[in-house]
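Structural features, examined
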Amino acid sequence: MFISFEGIEGSGKSTQIDLLESHLKKLGHKVAKLREPGTTLMGEKIRDIFLQDTVEKVDPITEALLLYASRKHLDQNFLREKISQDYIVIADRYSDATFAYQCFGKGLSKDFIDFIHNSSNLLTPDLTFYMDITAEMSRERISNREMDRMESESIEFFDKVRKGYLEIVSENPERVISLDATKSIDELKDEITLKTIEKLNASLG
């Protein structure tokens, strides 16, 4: 089973991923986590390039190509291998993020991303949790940490990204579950655990 978590910065993805991993392991499941871009040796190098501050202009096409280079390599060298070994794989972001950030946030053609995505023959998450907060709350939550290139984008940019995610939610009701990420950690944990177990039981049935 392949589960992804999506959301803008400060939405609480990492906390809920760790909690879900711990719960599933207690139930006896094998669990593997990935972050995207990253995880593989090549992917982590791409991540460093992607997020580093630079005075050079970085076109959204360049960003998308970097992301899909990492994603294809990850799919080939980590994701499919773990799935074939009956792991539950939990991803901190996956392909939905490119549509939200590069298409909705930066105006890149969705047709262009559709072409790259479909040509890459990637696995699709079985279940996606979208952690929803406003752009203003995102900035408030991350204001006390050193921000990378993407985190330093404007509130207006993250408002566009959020709208993109909400469109993804509306277009994929069978896969994507939207969560109010202003709720408490425990409330969110309970919702995520319930939906995950329901999905697991359905796949086994």
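What this report covers is the structure whose coordinates are included nearby. Numbering of residues starts from 1 in each chain and follows the order in which that chain's sequence is written. Local features are withheld for residues below a pLDDT of 70 in this predicted model, meaning they are given only at 70 or higher, and side-chain atom pairs are given and counted only at 80 or more; totals for whole chains, interfaces and linings count all residues. With hydrogens and water set aside, each side-chain value is computed from the structure's full complement of heavy atoms.

As a further point, take the packing of aromatic side chains. A pair of aromatic rings is counted whenever rings of Phe, Tyr or Trp (Trp by its six-membered ring) have centres within 6.5 Å, and the orientation is called stacked for planes under 30 degrees apart, edge-to-face for over 60 and tilted otherwise. Here the structure, examined in full by the defined rule, presents 7 aromatic pairs. Geometrically, the ring pair formed by Phe 5 and Phe 129 is tilted, given 5.2 Å between the ring centres and 40 degrees between the ring planes. Highlighted residues: Phe 5 in strand E1 (residues 2-6) and Phe 129 in strand E4 (residues 127-132), separated in sequence by 124 residues. Three or more aromatic residues joined by ring pairs make a cluster, and in this case those are Tyr 101, Tyr 130, Phe 157, Phe 158 and Tyr 165. Two conditions define a charge located above a ring, namely a distance within 6 Å from the ring centre to NZ of Lys or CZ of Arg, and an angle within 35 degrees of the ring normal. Above the face of the Tyr 68 ring, Arg 71 is positioned so that its terminal group lies 4.4 Å from the ring centre. In DSSP terms, a helix is any run of H or I states spanning at least four residues, a strand is any run of E spanning at least two, and both are numbered starting from the N terminus.

This paragraph deals with helix H6 (residues 135-142). The buried label applies to any residue whose accessible area, calculated with a 1.4 Å probe on protein chains only, is under 20% of its type's maximum; exposed applies above 50%, and partly exposed to all values in between. Those residues of H6 not exposed but buried are Ala 135, Ser 138 and Ile 142. The buried residues of H6 all sit within an arc of 55 degrees when viewed along its axis, so they share a single face. Note on contacts: a residue pair qualifies if any of its non-hydrogen atoms lie within 4.5 Å across the two residues. For H6, the elements touching its buried residues are helix H7 (155-171). Throughout, the arc means the angular range of directions from the helix axis out to the C-beta atoms.

Read from one edge of the open sheet, 5 strands run E2-E3-E1-E4-E5, paired in parallel fashion. Two strands in the sheet have a free side with no partner beyond their single neighbour: strand E2 (31-35) and strand E5 (176-180). Averaged over all pairs of adjacent strands, the angle between their axes in this sheet comes to 20 degrees, without regard to strand direction. A pair of strands is considered paired only if DSSP assigns at least 2 bridges between the two. In terms of strand pairing, E4 meets E5 through 5 bridges, oriented parallel. Looking at E5, one finds that Met 131 is bridged to Leu 179. Here, axes are lines fitted to C-alpha atoms. For helices the fit covers the stretch in contact, and angles between N-to-C directions go from 0 to 180 degrees. Running at roughly 170 degrees to strand E3 (residues 88-92), helix H1 (residues 13-26) makes contact with E1, E2, E3 and E4 of the sheet. Across the sheet, helix H3 (residues 60-84) is in contact with E1, E2 and E3; its angle to E2 comes to roughly 160 degrees.

Here we come to unusual backbone geometry. In this model, Glu 36 is joined to Pro 37 through a cis peptide bond whose omega is 0 degrees. Examined against the element boundaries, Pro 37 turns out to sit in the loop between E2 and helix H2 (41-51). With a phi angle near 65 degrees, Asp 86 is a residue other than glycine that sits in the positive phi range. Here Asp 86 lies in the loop between H3 and E3. The exposure class of Asp 86 is exposed, given its relative accessible area of 62%. Despite not being glycine, Arg 93 has its phi angle at roughly 75 degrees, a positive value. Structurally, the position occupied by Arg 93 is in the loop between E3 and helix H4 (95-105).

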